Structures are given as structure tokens and as C-alpha cells.
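Chains, contacts and geometry: an overview
Now for the letters of each chain:
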Amino acid sequence: MQKALVDANQCEKIGKTVASLDFKESFLKRAFLTLEISDELKTAMYYYAVGICHQTYHLANPELNLYGWDFLEFGFIGIAKQRPELLDAEYLVQLTPAELAVEIRPFFAPQNIAKNCTLDHLQERTQLWLQMAERIKDSGLSHLEYILRSDGQTTYFYRELRQTEAYSDPLQKKTSFFMKLLEDAKLIKFAKDENVIPIMDYHMQRVIFRTGCVEVLDDELKSALQNRLAIQDQDELELREACIEAMKLISQYSGYSVFKMNDVFYTMGRSCCNENMICQTGKCEKSPCTLSLAIVLDQHKQCIFEASCRGKNDRDYRKYWQPQVITHYY
């Protein structure tokens, strides 16, 4: 039985709203993308940062108002500036996961106090980090050479990176995000956008369910999502596949690239459509609103999708939450 269905008409409405948006150039000029370091070091920074970025619910530096991915960017900038050897494959392969964990704790802790590190599951993350380093070392290439060997072909990334555990997700969320960072930082230009698999994380899934771009057909699964209960891995895979197909349609109707969708739906899910919804409260949950960092908003008292979002007037849609699964895929 099919458990999720893409609503093409709803995707068209949402896509046409995205078509009307203006994106801020400043979003692509943030330090993580423009840091004045070598292209080799920058490539390595993205490779390892994305590889260990999953389920970062607890990663936070309240003093700096940095949470999740934002704090991960901040930490990796610190590593690139102060301990660049932690981004060097030859150095990394000499370490154990425990040794690497000791090295990185201060970079993901308020005031750099190691014991206050908020990056959890360090054993898992450092194991992934070191295996990624082994892959680069075994290739005989530098990090930059490894990505430039693709000649801008997306299939190269999807084939090569999945050979590491960190990038083994069958739906390739991390690989696509790594590719987006490389392109945003002007390290590479991909030849065929139509071959890109949309980045799909939990924030984006939540927005897609609430807007009605994907309808959940199975009542038991729908109830689990709305009540934030654990679901089976196979159900999660089907839901995410449907969300990916919906995002492809939204991208097509918007006229913007698949990568650009991340700058809308991810930033919205983190701020305007999270625990609290701006369509109900008239106020964004985060300050500054992450969506407002990426797109131009004249005012921000209502959701950009308010005219067509099903969740605006239907509590049944507003109750949707992202799939509750334990995974390192996203």
C-alpha cells in the first residue's frame, strides 16, 4: 500500500510563490563560504562538517545565539584557523576516535570550555570523520583534487561519496548538501542541475507535510507523525522519497535550482514553521529569523506560503512533525 502521495497541484502553488522571491546575496557571503583560506582547506572543511552533521538537536552556543548547523559552521571555522591539521587526512588517520574527540570538543563548546561541549554522539561522529579521512588518503588525492576529478558531474559525487559510511544515505542528503556548499563557495560548478537529488532534512520535511505538498495516506503513519512517535525505517524512506519528488516539482515551478530550495525550506523550517508557526502567532520563533537571512522580506508577520499553505487554516496539517528516527543520514 502506498503511504504517501505527492500533490502536484499544491507543489505548483508553492513553487510559484518561491518564483516570486528575491534571494539575498549576503547569505552566500557568510564567513563559512568566504573564509580566506586555501581552496584545499575549505574543501576539507565542508567535507568533514557535512559528514558529521546529523541530528544536531543539542548543538548550541546560547551566548552567541548559534544553534545546530550555525554553531557547526562556527566550530569548523575555528578548526580551520587554529587547528587546520584536523582537516588534513594524513594527520587524521593517525588518531583514534577518542583522540579526535578530545581535539574537537573545545570548538563546539561555549567559551571553548571542552567539558561544556554540546556536540553529542562524539564517538559516532569521530568514527565517521576518520573514515572519511581514510577514503581521501587511500585515493592518493588531496580533498580538492578529489572533488575536481568529478569535472562537475553530479553522478561522480553520488557514486564516490557513498563509499564512506558518513555519506552512505541512499537518498544522498549529505552528498547533495556538500555539493551545494562547494558550488556556493565557487569551488565547483555542476554541469546538469536536473541530476541533483534535492537536499531533504527533517526541517524541510515538516514544511512539506504542513503545506500539503505531500499527503500521508496511511492513518497509522499519519498519527505517528502528528504525535511525534517513532516510525519504521522503511516508512521514513518512503516519506522522504515523496518529499524529494515534491521538492523537484517545486523547484521546476519556481524556476530556481534544486539547491536554492534549501535556502527557503530549510531556513523556514528552522524558524517560521517549527514548534511555533508564524501563521498562528504572527511572530517568528528565531531572532534573527533564518529565512530573513536568505531571502528579502519586506515585513515578517506572516508566512510567505500563507495564501496556499493548507496548515494555515487546518490544524490537522499543523500537527505534522518530522519523522522520528535514529539515523546519521540527516
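Refer to the structure above for everything that follows.
Everything in this summary refers to the structure shown in the same document. (Residues numbered from 1 in each chain as written. Predicted model: local features only at pLDDT ≥ 70, side-chain atom pairs only at ≥ 80, totals over all residues. Heavy atoms only, no water.)

With that settled, the discussion passes to the side chain of Glu215. Tracing the chain through its elements places Glu215 in strand β4 (residues 214–216). Here Arg310 takes part through its side chain, which lies 2.8 Å from a polar atom of the side chain of Glu215. When near neighbours in sequence (up to four residues on either side) are disregarded, Glu215 contacts Lys3, Ala4, Leu5, Arg310 and Tyr317. (Helix = DSSP H or I, 4+ residues; strand = E, 2+ residues; numbered from the N terminus. Polar contact = N/O pair within 3.5 Å; in protein donor to acceptor, adjacent residues only side chain to side chain. Contact = heavy atoms within 4.5 Å.)

Following the criterion strictly, the structure yields 23 aromatic pairs and no others. Ring centres 4.9 Å apart and planes at 65° place the aromatic pair Tyr47 and Tyr48 in the edge-to-face group. In this arrangement the basic side chain of Arg30 is found over the ring face of Phe27, its NZ or CZ atom lying 4.7 Å from the centre. Lying over the aromatic face of Trp321, Arg228 brings its terminal NZ or CZ to 3.6 Å of the ring centre. (Phe/Tyr/Trp six-rings, centres within 6.5 Å; stacked < 30°, edge-to-face > 60°. Lys NZ or Arg CZ within 6 Å of the ring centre and 35° of its normal.)

The next thing to look at is unusual backbone geometry. At the junction of Ser287 and Pro288, the peptide bond is cis and its omega measures out at 0° in the coordinates. In this model, Asn65 sits at a positive phi of 55°, which is unusual for a non-glycine residue. With respect to the helices and strands, the residue Asn65 is situated in the loop between β2 (60–61) and β3 (66–67). In this model, Lys186 sits at a positive phi of 65°, which is unusual for a non-glycine residue. Note that Lys186 resides in the loop between α10 (173–184) and α11 (202–211). Judged by relative accessible area, Lys186 falls into the exposed class, the value being 73%. (Buried < 20%, exposed > 50% of the residue type's maximum accessible area, 1.4 Å probe, protein only.)

Moving on, we get to the pattern of salt bridges. Here the idea is simple: oppositely charged side chains can pair when their charged atoms come close. Here the structure, examined in full by the defined rule, presents 20 salt bridges. The residue Arg270 makes a salt bridge to Asp70 at a minimum N-O spacing of 3.1 Å. Within this pair, whereas Arg270 is found in helix α14 (residues 258–271), its partner Asp70 is found in helix α4 (residues 69–82), the two being separated by 200 residues in sequence. What makes Asp70 partly exposed here is its relative accessible area of 25%. Note that Glu245 is salt-bridged to Lys248, the shortest N-O span being 3.2 Å. Taken together, the residues span about one helical turn, with Glu245 and Lys248 both in helix α13 (residues 233–254) at a distance of three residues. What makes Glu245 partly exposed here is its relative accessible area of 39%. Three or more residues joined by partner-sharing salt bridges are found here, namely Lys180, Asp184, Lys260 and Asp263. (Salt bridge = Lys/Arg side-chain N within 4 Å of Asp/Glu carboxyl O.)

Burial of nonpolar side chains together is a common tendency in soluble globular proteins. Core analysis: the largest hydrophobic core is formed by 115 residues, its most contacted members being Tyr48, Phe76, Trp129 and Phe265. With eight residues, the single largest contributor to this core is helix α3 (residues 39–51). Those residues in contact with Phe265, other than ones at most four positions away along the chain, are Ile14, Val18, His203, Met204, Val207, Met247, Ile250 and Phe305. (Core = buried A, V, L, I, M, F, W, Y, C linked by side-chain atoms within 4.5 Å.)

Here we come to empty space enclosed by the protein. Enumeration over the complete set of coordinates arrives at one cavity of 30 Å³ or more. In this structure, the largest cavity spans a volume of roughly 120 Å³. Cys273, Met277, Cys279, Cys303 and Cys309 are the residues nearest the centre of the largest cavity, which is lined by 15 residues in total. Of all the elements in the fold, those that place two or more residues in the lining of the largest cavity are α11 and α15 (278–281). Looking at which element gives the most residues to the lining of the largest cavity, the answer is α11, with three residues. (1 Å grid on protein atoms, 1.4 Å probe; cavity = no way out; pocket = protein on both sides within 12 Å on 5 of 7 lines; lining within 4 Å. Points joined across faces, edges and corners; volume = space filled by probe spheres on them.)

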